[in-house]
Amino acid sequence: MTAPVKGPAAYFPSIETKYGRPIADWQDLIRSSPLTRHMELVNWLKTEHGLGHGHANALVAYTLAEDSGK
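Read on for an overview of the structure. All figures in this text were calculated on a predicted structure; none of them were measured in a lab.

## Structural notes on the environment of Ala10
For Ala10, the location among the structural elements is in the segment before α1 (12–19). Using a relative accessible area of 41% as the deciding quantity, one classes Ala10 as partly exposed. Once the C-alpha coordinates of Ala10 and Ala58 are considered, the two residues, 48 residues apart in sequence, prove to be 8.6 Å apart.

Take a look at the structure:
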């Protein structure tokens, strides 16, 4: 039996279902953006790509944490 996914990754199944793109695509998009600050990236995903706040925040938090080695 596996433990339930917690934190930002818990949003991933619903993000993939709602927006039709794999998480890796969203992470590539975030990493290729010239923006670097958390809320700048969240707002960019919301305005340019139509994500909801929670989904955008989860993607950015997870990607930035992964990139910083946390």
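Now that the structure has been shown, we can carry on.
## Some details on the packing of aromatic side chains
Tallied over the full model, the rule gives two aromatic pairs. Relative to Tyr62, the ring of Phe12 has its centre 4.9 Å away and its plane inclined at 80 degrees; by these criteria the two rings are edge-to-face. Of this pair, Phe12 sits in helix α1 while Tyr62 sits in helix α4 (residues 53–68), and the two are 50 residues apart along the sequence. Its relative accessible area of 12% is what places Phe12 among the buried residues. Sitting over the face of the ring of Trp26, Arg21 holds its NZ or CZ atom 4.6 Å from the ring centroid.

## Comments concerning helix α2 (residues 23–32)
Where α2 is concerned, the buried positions are Ile23, Trp26, Gln27, Leu29 and Ile30. Around the axis of α2, the buried residues are gathered within 160 degrees of arc, so they sit on the same side. Contacts from the buried residues of α2 go to α1, α3 (38–49) and α4.

How each quantity is defined
- Residues numbered from 1 in each chain as written.
- Predicted model: local features only at pLDDT ≥ 70, side-chain atom pairs only at ≥ 80, totals over all residues.
- Heavy atoms only, no water.
- Helix = DSSP H or I, 4+ residues; strand = E, 2+ residues; numbered from the N terminus.
- Buried < 20%, exposed > 50% of the residue type's maximum accessible area, 1.4 Å probe, protein only.
- Phe/Tyr/Trp six-rings, centres within 6.5 Å; stacked < 30°, edge-to-face > 60°.
- Lys NZ or Arg CZ within 6 Å of the ring centre and 35° of its normal.
- Arc of directions from axis to C-beta.
- Contact = heavy atoms within 4.5 Å.

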